[in-house]
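# Remarks on the overall topology
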Amino acid sequence: MSGLGRVAGRDRVYVAVVGPSAPTTAQERDAEEVGAALARRGHVVVCGGRGGVMEAVARGAAGAGGEVVGLLPGTDRAEANPYVTVALPTGLGDVRNALVVRAADVVVAVGTSWGTLNEVALAVSVGTPVVAIGGWPLPDAGGPRYVRTPAEAITAVDALLGDR
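Quick caveat: nothing in here was measured; it's all calculated off a predicted structure.

## Focus on the side chain of T116
With respect to the helices and strands, the residue T116 is situated in helix α4 (residues 114–126). Leave out the neighbours within four places in its chain, and T116 touches V18, G19, P20, A109 and G111.

## Digging into the pattern of salt bridges
When charged atoms on two side chains of opposite charge get close, those side chains can pair. Per the counting criterion, the structure on display carries five salt bridges. Across the salt bridge formed by R41 and D158, the nearest N and O atoms sit 3.0 Å from each other. Separated by 117 residues along the polypeptide, R41 in the loop between α1 (25–40) and β2 (44–47) and D158 in helix α5 (residues 150–161) bring together distant segments of the chain. We classify R41 as partly exposed; its relative accessible area is 39%. With a relative accessible area of 32%, D158 lands in the partly exposed category. Across the salt bridge formed by E152 and R148, the nearest N and O atoms sit 3.2 Å from each other. Among the residues examined, E152 registers a relative accessible area of 29% and is labelled partly exposed.

So, how was this worked out
- Residues numbered from 1 in each chain as written.
- Predicted model: local features only at pLDDT ≥ 70, side-chain atom pairs only at ≥ 80, totals over all residues.
- Heavy atoms only, no water.
- Helix = DSSP H or I, 4+ residues; strand = E, 2+ residues; numbered from the N terminus.
- Contact = heavy atoms within 4.5 Å.
- Salt bridge = Lys/Arg side-chain N within 4 Å of Asp/Glu carboxyl O.
- Buried < 20%, exposed > 50% of the residue type's maximum accessible area, 1.4 Å probe, protein only.

Written out as structure tokens, the structure reads:
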């Protein structure tokens, strides 16, 4: 009975990947690569569950056998892209960005949009580390770690997580 009280997945790392819903081809490719690398490490990918960078990261993670939690803005699970493993409708609209960030141990931002900037700001304000591939340069006051490639992003995530 030693397993009683244990919650499945509690010991796993959750990495949110955020980015524009209308990404460039390069951003989509980067997100897919990040998703696959996170899944290979056994991390749970958290995203907004819909299209663009969210779909690309989910596709990469799912293709590598990983789990993807999609926190949807609406009330219908059918809004989720086909690669999401667990679709959670929140009914919160863009306010669900706070849930995406709070569910994560680390946030990876791929590209820029106003919604992405919102998620990065939320993460920084609550102390969740952020790794940004590209993105808008922000003051270096505990903000994102900027990298150029998905491989550099994964190296930064690994460093932030340490032995986890």
